[in-house]
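One letter stands for each residue in the lines below.
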Protein chains: 2
Amino acid sequence: MTVTINDVAQAAGVSKGAVSYALNGQPGVSDDTRERILRVARELGWKPNLRAKSLSSAKAFAVGLVVARDPRLLGTDPFFPAFIAGIETTLVEHEYALVLTVAASAEAEELGYRKLAADSRVDGVILTDMRVDDSRIALLTSLKIPAVTLNRPETPSPFPAVCMDDTEGIAAAVEHLVSLGHTRIGHVGGPQSYIHGRSRRLAWQNAMSKAGLEAGSFIEADFTAAGGLAATTELLRSPKRPTAIIYANDLMATAGQSYAQSLGLAVPDDLSITGYDDTELATYLNPPLTTVPADPLLWGRVAAQQLLSLLGGAPAEDVYLPSPKLVVRASTGPAPSMPKN
Amino acid sequence: MTVTINDVAQAAGVSKGAVSYALNGQPGVSDDTRERILRVARELGWKPNLRAKSLSSAKAFAVGLVVARDPRLLGTDPFFPAFIAGIETTLVEHEYALVLTVAASAEAEELGYRKLAADSRVDGVILTDMRVDDSRIALLTSLKIPAVTLNRPETPSPFPAVCMDDTEGIAAAVEHLVSLGHTRIGHVGGPQSYIHGRSRRLAWQNAMSKAGLEAGSFIEADFTAAGGLAATTELLRSPKRPTAIIYANDLMATAGQSYAQSLGLAVPDDLSITGYDDTELATYLNPPLTTVPADPLLWGRVAAQQLLSLLGGAPAEDVYLPSPKLVVRASTGPAPSMPKN
DNA sequence: TATCTCTACTGAACCGGTTCAGAGAACTCT
DNA sequence: AGAGTTCTCTGAACCGGTTCAGTAGAGATA
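Predicted, not measured: the structure shown is a model, and the values here were computed from it.

## Looking at the protein's contact with DNA strand C
In step 1: S30 and T33 of chain A together with K16, S20 and Y21 of chain B are the nearest of the 26 residues found near DNA strand C.
In step 2: Within 4 Å of the protein, atoms of DNA strand C come from sugar and phosphate in 58% of cases.
In step 3: S15 of chain A has a polar backbone atom sitting 2.8 Å from a phosphate oxygen of DNA strand C.
In step 4: At 2.6 Å, a side-chain N or O of S20 of chain B approaches a phosphate oxygen of DNA strand C.
In step 5: For the surface near DNA strand C, the elements supplying multiple residues, two or more each, are α4 (50–57) of chain A together with α2 (16–23) and α4 (50–57) of chain B.
In step 6: Looking at the surface near DNA strand C residue by residue, the class counts come to nine nonpolar, 14 polar and three charged.

## Topic: the relation of the copies chain A and chain B
Note that the two copies of the chain are related through a rotation about an axis and a translation along the same axis.
In step 1: Of the transformation placing chain A onto chain B, the axial shift is 0.0 Å and the rotation is 180°, giving an RMSD of 0.1 Å. In the structure described here, the two chain copies are related by an operation that fits a two-fold rotation axis. Of the C-alpha atoms belonging to chain A, the one lying closest to the rotation axis is found on V99 of chain A, 2.3 Å away.
In step 2: The overlap is high: 100% of the interface residues of chain A also sit at the interface in chain B, so the same surface is used on both sides.

## Section: the protein's contact with DNA strand D
In step 1: Lining the immediate surroundings of DNA strand D are 26 residues, of which K16, S20 and Y21 of chain A together with S30 and T33 of chain B lie closest.
In step 2: Counting only atoms of DNA strand D within 4 Å of the protein, the sugar-phosphate share comes to 60%.
In step 3: S30 of chain B places a polar main-chain atom, nitrogen or oxygen, 2.6 Å from a phosphate oxygen of DNA strand D.
In step 4: Looking at the surface near DNA strand D, the elements that each hand over two or more residues are α2 (16–23) and α4 of chain A together with α4 of chain B.
In step 5: Looking at the surface near DNA strand D residue by residue, the classes come out as nine nonpolar, 14 polar and three charged.

## Comments concerning the layout of surface pockets
In step 1: Approximately 1200 Å³ is the volume found for the largest pocket.
In step 2: Lining of the largest pocket is provided by 34 residues; of these, K47, P48, N49 and L50 of chain A together with A118 of chain B occupy positions nearest its centre.
In step 3: Mapped onto the lining of the largest pocket, the elements with two or more residues apiece are α2 and α4 of chain A together with α7 (106–118) of chain B.
In step 4: Classifying every residue of the lining of the largest pocket gives 18 nonpolar, nine polar and seven charged.
In step 5: Considered as a void within the structure, the second largest pocket measures approximately 1100 Å³ in volume.
In step 6: Around the second largest pocket, the lining comprises 32 residues; the ones closest to its centre are W46, K47, P48, N49 and L50 of chain B.
In step 7: Mapped by element, the contributors of at least two residues to the lining of the second largest pocket are α4 and α7 (106–118) of chain A together with α1 (5–12), α2 and α4 of chain B.
In step 8: Looking at the lining of the second largest pocket residue by residue, the class counts come to 14 nonpolar, 11 polar and seven charged.

## Quick look at the nonpolar core
In step 1: L65, F83 and I126 of chain A together with L65 and F83 of chain B are the most contacted members of the largest nonpolar core, which totals 62 residues.
In step 2: Leave out the neighbours within four places in its chain, and I126 of chain A touches G64, L65, F83, I87, V148, L150, A303, A304 and L307 of chain A.
In step 3: If you look at the next biggest cluster of nonpolar residues, it comprises 54 residues, including F223 and L285 of chain A together with V188 and A225 of chain B.

## Some remarks on the domain arrangement of chain A
In step 1: With domains assigned, chain A is organised as domain 1 (5–48), domain 2 (62–159 + 296–321) and domain 3 (167–284).
In step 2: Taking only C-alpha atoms into account, the centre of domain 1 of chain A sits 63 Å from that of domain 3 of chain A.

## Focus: the interface of chain A and chain B
In step 1: Listed per partner, the contact involves 51 residues of chain A and 52 residues of chain B.
In step 2: Between chain A and chain B, the buried area comes to about 4500 Å², and carbon and sulfur atoms account for 62% of it.
In step 3: Connecting chain A to chain B are two salt bridges.
In step 4: Its salt-bridge partner being K115 of chain A, residue E95 of chain B comes within 3.5 Å of it at the nearest N-O pair.
In step 5: At the junction of chain A and chain B, the tally comes to 25 residue pairs in polar contact (both at pLDDT 80 or more).
In step 6: When the residues that make up the side of chain A that touches chain B are grouped by side-chain class, the tally is 31 nonpolar, 11 polar and nine charged.
In step 7: Of the pairings in the sheet, the one linking strand β2 (residues 97–103) of chain A to strand β2 (residues 97–103) of chain B comprises three bridges and is antiparallel in character. In the strand pairing of β2 of chain B, V99 of chain A is matched with V99 of chain B.

## Points about the packing of aromatic side chains
In step 1: Counted according to the given criterion, the structure contains 10 aromatic pairs over all chains.
In step 2: Considering the side-chain rings of F79 of chain A and W299 of chain A, the 5.9 Å spacing of their centres and the 85° angle between planes classify their relative orientation as edge-to-face. Highlighted residues: F79 of chain A in helix α6 (residues 79–93) and W299 of chain A in helix α13 (residues 296–311), separated in sequence by 220 residues. The burial state of F79 of chain A is the same as that of W299 of chain A; both residues are buried.
In step 3: Ring geometry for F61 of chain B versus Y96 of chain B: centroids 6.0 Å apart, planes at 65°, classification edge-to-face.

## Some points on the pattern of salt bridges
For side chains bearing opposite charge, pairing can occur when the charged atoms are close.
In step 1: Following the criterion strictly, the structure yields 30 salt bridges over all chains and no others.
In step 2: A salt bridge links K325 of chain A to E168 of chain A, with the nearest nitrogen and oxygen atoms 2.5 Å apart. Of this pair, K325 of chain A sits in the segment after β10 (319–321) while E168 of chain A sits in helix α9 (residues 167–179); the two residues are 157 residues apart in sequence, bridging distant segments of the chain.
In step 3: By relative accessible area, which is 53% here, K325 of chain A ends up exposed.
In step 4: The salt bridge partner of R200 of chain B is D166 of chain B, with a shortest N-O separation of 2.8 Å. On the criterion of sequence distance, the pair formed by R200 of chain B in helix α10 (residues 195–210) and D166 of chain B in the loop between β5 (161–164) and α9 (167–179) is long-range, its members being 34 residues apart.
In step 5: For R200 of chain B, a relative accessible area of 8% gives the class buried.
In step 6: Connected via shared salt-bridge partners are E109, R131, D134 and R136 of chain A.

## Here's the deal with the pairing of β5 of chain B
Residue and element names in this part refer to chain B.
In step 1: Residues A161 and C163 line one face of β5 and the alternating positions V162 and M164 line the opposite face, and both faces are buried.
In step 2: With two bridges connecting them, strand β4 (residues 147–150) and β5 associate as parallel partners. Paired with L150 across the strands is V162, a residue of β5.

## Description of helix α3 (residues 31–44) of chain A
Residue and element names in this part refer to chain A.
In step 1: For α3, spanning 14 residues, the distance from its first C-alpha to its last is 20 Å, which sits close to the expected 20 Å at 1.5 Å a residue.
In step 2: Where α3 is buried, its residues meet α1 (5–12) and α2.
In step 3: Where α3 terminates, the next one or two residues include G45, which has phi positive at roughly 75°.

Rules used throughout
Residues numbered from 1 in each chain as written. Chains lettered and ligands numbered in written order. Predicted model: local features only at pLDDT ≥ 70, side-chain atom pairs only at ≥ 80, totals over all residues. Heavy atoms only, no water. Near = heavy atom within 4 Å. Polar contact = N/O pair within 3.5 Å; in protein donor to acceptor, adjacent residues only side chain to side chain. Helix = DSSP H or I, 4+ residues; strand = E, 2+ residues; numbered from the N terminus. Nonpolar A, V, L, I, M, F, W, Y, C, P; charged D, E, K, R; others polar. Least-squares fit on C-alpha atoms with pLDDT ≥ 70 in both. Contact = heavy atoms within 4.5 Å. 1 Å grid on protein atoms, 1.4 Å probe; cavity = no way out; pocket = protein on both sides within 12 Å on 5 of 7 lines; lining within 4 Å. Points joined across faces, edges and corners; volume = space filled by probe spheres on them. Core = buried A, V, L, I, M, F, W, Y, C linked by side-chain atoms within 4.5 Å. Buried < 20%, exposed > 50% of the residue type's maximum accessible area, 1.4 Å probe, protein only. Domains from an automatic or database assignment. Buried area = accessible area lost by both parts, 1.4 Å probe. Salt bridge = Lys/Arg side-chain N within 4 Å of Asp/Glu carboxyl O. Pairing = 2+ DSSP bridges. Phe/Tyr/Trp six-rings, centres within 6.5 Å; stacked < 30°, edge-to-face > 60°. Expected span 1.5 Å × (residues − 1).

Structure below.
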């Protein structure tokens, strides 16, 4: 049926071992023989059997990704699909596959990694959504699974990080709003247990104080539309209502914008809004959203590259991707001279 | 290091074969011996080696999904992440893994399946985004990969289908709008090369004629926000402008709604709008979107179940999931008595 | 010419399971 | 008691590669 290395050996009149050496470009066969073996293999249409290779070489030729999200909310995050697509662009070139696990809870997440390890499904994993004091670092260290993290965690990590600075974009958003005359700029952030939730809040805070402004109201939300709405409600109800709100992602910003408009506030005349991600929809909102384009495709591609080179024995070194730049659209405008209250 | 079946055999004082029979619940060992072997295996902490199992049993214990989308637009589709999460809920229970491939082009898609087959990475695949006259059916048949399709293709297919009727929801949307007095109801559909693009258009068309109305303008778009905008532009520019538009998904509806509002049209006073999917954001728009909730989580779960039972040798039978029901929100309202033109 | 070294290659073990043919033992049937 | 059947278990082959120890032969060296 299928052509094995044995068939090639027989047809070429050599031993199994010689064929293996020849096919893997290893020393041990003369150039003549090597060439003959390769030709015979080609003629017979030999294809390596991944399963056999996996067993004897103790490698999976696959990398893993465990996504810990509420499945119902997973669809709202534009990050993952594009990120995964980015990973794929690298993997296909190296004959690797991606094994994806979705975990609904923290226990399921840990179990996901444990299963990947127990079954040796993967040779390494990519860690996304890094958390402050992330338990996965110790877990993967104990499971002896090589990994790459998105951004460098604050706690010590033996794994190389692929970093994309998000503070610059947020700072640019603050500066942009300040230049438009805003002084009361609120922030609706993601969970502060995530390092990207935290870094965006700190970026906002630092940029405000650098502008000589008091960092106004901050609400910790959860990156969902529902959370964005709730946070916006709270911000707009406060006595010193902000004239601009910086959201930690587009989804919350969109929900916030819609809510503000439903209250009769004009965006940007009464309230300026910025997001983060630059989802496709951002351009097509009314008004189109000022936001910061994350580049999940690039991030995924480079993260996979780093993981593969780590698996290849390369030293673990952090990589820095270019910081995304603020994209100004119509959801931001001059601060109202007489804010509605 | 790791405990193998050999260690268990030695410790239990039986042969390798006996251990294999005992661990797999197969006949060939007495109850006493079986129990002893199981106890010894437990005591030694034996875990099956998936790679060895794969090689000897010629199974991958994994299923595949090839997603053919423009990576940049993939993030905008809320369907996939939730669908994948649904698949996972089934797979984890059966010790199966999901191998995901993202393909940017038609060639890459075919190559994706070919690679999964060549490396025997998976035991079966799930086909989504079924197209009219879908070439993948012949491809997978020739590659001898079992599959499950989402909805039954119009051309003959040997694979079981997991069906979720979308015509009922679209018909309900038409009826809902008709009951509100609308007579000019347009449709912005997905590519008609997709069966779900086609079936939604036909559902709209049939419901219109059933209501005694002339099926108004139809524009074929591409499920993206950009496409939704372009189609809306065209519809609103037409001489007999519709007072209501049924979009084939939420993303296009959202873009359409924003665009209409940017023209100064009020939704729903001047224009009623419906979507399809019921994304999280739909609830939080201004106005919230009337739409039809697809249930990708359920769909994924059942599709994976069907695939696994197919792999287990069950006969290929179609499954029908409950048809999603229209969710009425504020983006639809009475037809304007004097439509703006 | 005898010895040493190096290269090219073979045969077998190995990775960790599954599966099959066959050997004994026990049990049933006549 | 002898023959046939069933049950339990063993040993070995097998899945398709990788890798290692060892050998034959060619070429270099003394």
